[in-house]
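Residue-level structure breakdown
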Amino acid sequence: MKSIIFIALGLIASSVVHADALSDIKARGSIRCATLTDSVPLGYQDPTSRQLVGLDVDVCKGVAKHLGVKADIQGVAVSARIPSLMTGRVDLVAAALGYTEARASQIDFSSAYYQIPVKILVRKDSNVSEFSDLNGKRISAIKSSTPELYARQQVPGAKVIGFEDAPGAFMALEQNKVQGMAMTEPAAIRFHTRTESMHFLAQSLHFEPSCIGIKKGETSLTAAVDGALKAMEDSGELQAIWDHWYGPETEYKLAREKKLTAVTEFR
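Definitions and limits used
- Residues numbered from 1 in each chain as written.
- Predicted model: local features only at pLDDT ≥ 70, side-chain atom pairs only at ≥ 80, totals over all residues.
- Heavy atoms only, no water.
- Core = buried A, V, L, I, M, F, W, Y, C linked by side-chain atoms within 4.5 Å.
- Buried < 20%, exposed > 50% of the residue type's maximum accessible area, 1.4 Å probe, protein only.
- Helix = DSSP H or I, 4+ residues; strand = E, 2+ residues; numbered from the N terminus.
- Lys, Arg positive; Asp, Glu negative; His and termini not counted.
- Salt bridge = Lys/Arg side-chain N within 4 Å of Asp/Glu carboxyl O.
- Polar contact = N/O pair within 3.5 Å; in protein donor to acceptor, adjacent residues only side chain to side chain.
- Contact = heavy atoms within 4.5 Å.
- Pairing = 2+ DSSP bridges.
- Phe/Tyr/Trp six-rings, centres within 6.5 Å; stacked < 30°, edge-to-face > 60°.
- UniProt positions renumbered as here; feature names shortened; annotations may be inferred.
- Axes fitted to C-alpha atoms, helices over the stretch in contact; angles between N-to-C directions.
- Parallel < 35°, antiparallel > 145°, perpendicular 65-115°, else oblique.
- Nonpolar A, V, L, I, M, F, W, Y, C, P; charged D, E, K, R; others polar.

1. Brief notes about the nonpolar core
Ranked by internal contacts, the top residues of the largest apolar core, which has 69 residues, are Leu55, Val63 and Ile212. In terms of nonpolar packing, the next biggest core, distinct from the first, is built from 16 residues, Ile120, Phe131, Ala158 and Val160 among them.

2. Considering the side chain of Lys119
Summarising the element assignment, Lys119 is placed in strand β8 (residues 114-123). Glu185 is the oppositely charged side chain nearest to the buried, salt-bridge-free Lys119, at an N-O distance of 5.4 Å. Here Leu201 takes part through its backbone oxygen, which lies 3.3 Å from a polar atom of the side chain of Lys119. Those residues in contact with Lys119 that sit more than four places away from it in its chain are Met181, Ala182, Met183, Glu185, Phe200, Leu201, Ala202, Gln203, Ser204 and Leu205.

3. Considerations on the sheet that holds strand β2 (residues 38-39)
Spatially, three strands are ordered β2-β3-β4 in an open sheet, and the strand pairing comes out antiparallel. Each of the sheet's edge strands pairs with one partner strand only, and the pair in question is β2 and β4 (52-53). The pairing of β2 with strand β3 (residues 43-45) spans two bridges and is antiparallel. By the bridge assignment, Asp38 is partnered in β3 with Tyr44.

4. Concerning the packing of aromatic side chains
Applying the stated rule across the entire model yields seven aromatic pairs. Arranged with centres 5.1 Å apart and planes meeting at 70°, the rings of Tyr99 and Phe109 form a pair that is edge-to-face. One end of the pair, Tyr99, is in the loop between β6 (92-93) and α5 (101-104); the other, Phe109, is in strand β7 (residues 107-109), with 10 residues separating them in the sequence. Just as Tyr99 is buried, Phe109 falls in that class too.

5. Overview of the UniProt feature "domain: Solute-binding protein family 3/N-terminal" (unreviewed entry) in the protein chain
The UniProt feature table records "domain: Solute-binding protein family 3/N-terminal" (unreviewed entry) at residues 30-249. The straight-line gap between the two end C-alpha atoms of residues 30-249 is 33 Å; of that span, 35% is helix and 27% is strand.

6. As for the packing of helix α3 (residues 55-67) against helix α9 (residues 219-235)
For any two helices packed against each other, the geometry comes down to the angle between their axes and how far apart the axes lie. At a minimum axis separation of 9 Å, α3 and α9 run at an interaxial angle of 105°. Considering the angle they form, α3 stands roughly perpendicular to α9. Contacts between α3 and α9 involve Val59, Gly62, Val63, His66 and Leu67 from the first element and Ala224, Val225, Ala228, Leu229, Ala231 and Met232 from the second. Tallied by class, residues from the contact of α3 with α9 come to nine nonpolar, two polar and no charged.

7. A closer look at the environment of Ala64
Along the polypeptide, Ala64 turns up in helix α3. Ala64 gets classed as buried once you look at its relative accessible area, which sits at 1%. For the pair Ala64 and Ala95, spaced 31 residues apart in the sequence, the C-alpha separation amounts to 16 Å. Residue contacts for Ala64: discarding those within four places in its chain leaves Ile31, Val69, Lys70 and Ala71.

8. Description of the sheet that holds strand β14 (residues 213-215)
As summarised here, the arrangement of the five strands in space is β5-β1-β6-β14-β7, forming an open sheet in which the pairing is mixed. Every other strand in the sheet has two partners, leaving β5 (70-75) and β7 as the edge strands with one partner each. Where strand β1 (residues 30-35) lies against β5, six bridges are found, and the strand directions are parallel. Along β5, the bridge assignment pairs Ile31 with Ala71. Contacting β1, β6, β7 and β14, α9 runs over the sheet at an angle of about 155° to β14.

Put into structure tokens, the structure is as follows:
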């Protein structure tokens, strides 16, 4: 009888210790969401307010609003996105986080709230017009990013060099230390428009579905985030966020061709 009581008490204690993240978030009244800090227009520090702003920041705030909690926005480096989730430092990561099967073995993903092409930017004087022209050459990309991954996959004859941030990757291209830069098109447009000496290759490395990352096994939180994103899509909130940062009145002038898409579509 004593053994049964001890086992029951142990199960109760275990359930308390392993209370799901959504319950913790509701009790805390805030959700910790990590975004980039140096990637315009996804996540960056506003020079006037010194606050983090951007498309992914607005998505985090929208999800928090629909969950009925405050958004605690925290900065994260590209290479620290998945470790921050796995160690429990943050609850969500909305930081240009593309879905891949390898990442899905480590963390869970929400539905994709946007999909954008991954392109290669090259110098006009390089005589590079297609991927095969980069064989034996060097391509820069942000370390641990999906553009780095897809550049290695789609241009196996090139040497892909990882950099800590986008400005470093672009500077290497400007200085002709590399002959191409792999990056999502919206991010690369900022660099492309600074100079007339660059252009995009016509081919795309990949169409990247960007999702919110969630710690593995947090099914209640994942379902709640997906529900919030659906509500934001249905109300036009996601489209409004896209238009504010990428739409016809911005320097990017990009159409949002793909709407909210279930992550199962990419498996």
